Amino acid sequence: MWAFVTGLLAACLAVPAAAQTACYVRAETPAAASAPGDARVAQSHVGLRRKNDKLFELDIAVTGSNAAVCNVGGVARLSGDAGKEALAMVVRPDPLRSKGVRSGALCHVYVHLTATAVELRTTREACKAQALCEGKVELNGQRFDATSRLPDGVSAPCFERRVL
């Protein structure tokens, strides 16, 4: 567990305490990037911001086909057995939940940080049942190479305020 925590903290804290954020950005393929005639290049990103030794803020945006974008964010807790630790965040996209109806197990997003990448995993069936990203974008299996981490101080899409 300490190896994971050390690696995660090194990724997030390779800079002074005032900037405890890591942002991984990936440009998407033209088919997934935008609508026809749109000159913008779509990006996906994963942002990690340390809150304390066990809690991290996550900001995830993944662009899928036909310019569909899945945005999830919140607070994740460091969990798992030694050597298999991950950041685990519960996502509650279930529209029926606000009406008091529960569709079963909660959807979880897990962020695994390895020496070469940041990888996303989900509880697929629970996320599917709760219509995560309206079923248009698959978060499970998304991978951001370690080289996609933006340098500190560079303008980054992670943790930007979004107008919906």
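Residues numbered from 1 in each chain as written. Predicted model: local features only at pLDDT ≥ 70, side-chain atom pairs only at ≥ 80, totals over all residues. Heavy atoms only, no water.

K.L.:
So what exactly am I meant to see when it comes to the state of the cysteines here?
P.N.:
Disulfides are covalent bonds that link the sulfur atoms of two cysteine residues. Counted according to the given criterion, the structure contains three disulfides. Two residues, cysteine 23 and cysteine 158, share a disulfide whose sulfurs are 2.0 Å apart. Around the S-S axis, the bridge from cysteine 23 to cysteine 158 shows a dihedral of about 75 degrees and counts as right-handed. Within this pair, whereas cysteine 23 is found in strand 1 (residues 21-27), its partner cysteine 158 is found in the segment after strand 8 (143-145), the two being separated by 135 residues in sequence. We note that cysteine 23, like cysteine 158, is buried. Two residues, cysteine 70 and cysteine 133, share a disulfide whose sulfurs are 1.6 Å apart. Pair noted here: cysteine 70 is in strand 4 (residues 69-79) and cysteine 133 is in the loop between helix 3 (124-129) and strand 8, with a separation of 63 residues, a long-range link. On the accessibility criterion, cysteine 70 (1% relative accessible area) is buried. (Disulfide = S-S within 2.5 Å. Helix = DSSP H or I, 4+ residues; strand = E, 2+ residues; numbered from the N terminus. Buried < 20%, exposed > 50% of the residue type's maximum accessible area, 1.4 Å probe, protein only.)

K.L.:
What is the right way to read the sheet that holds strand 5 (residues 86-91) from this model?
P.N.:
Two pairing modes exist for strands in a sheet, parallel and antiparallel, and in both the strands are linked by backbone hydrogen bonds. Spatially, eight strands are ordered 1-2-3-4-5-6-7-8 in an open sheet, and the strand pairing comes out antiparallel. Either end of the sheet is taken by a strand with one partner, and the two such strands are strand 1 and strand 8. Between one strand axis and the next, the sheet turns through 20 degrees on average, direction left out of account. Pairing analysis gives five bridges linking strand 5 to strand 6 (residues 107-113), with the strands arranged antiparallel. The partner of valine 91 across the bridge, within strand 6, is cysteine 107. (Pairing = 2+ DSSP bridges. Axes fitted to C-alpha atoms, helices over the stretch in contact; angles between N-to-C directions.)

Remember, this is a structural readout, not a statement about activity or role.
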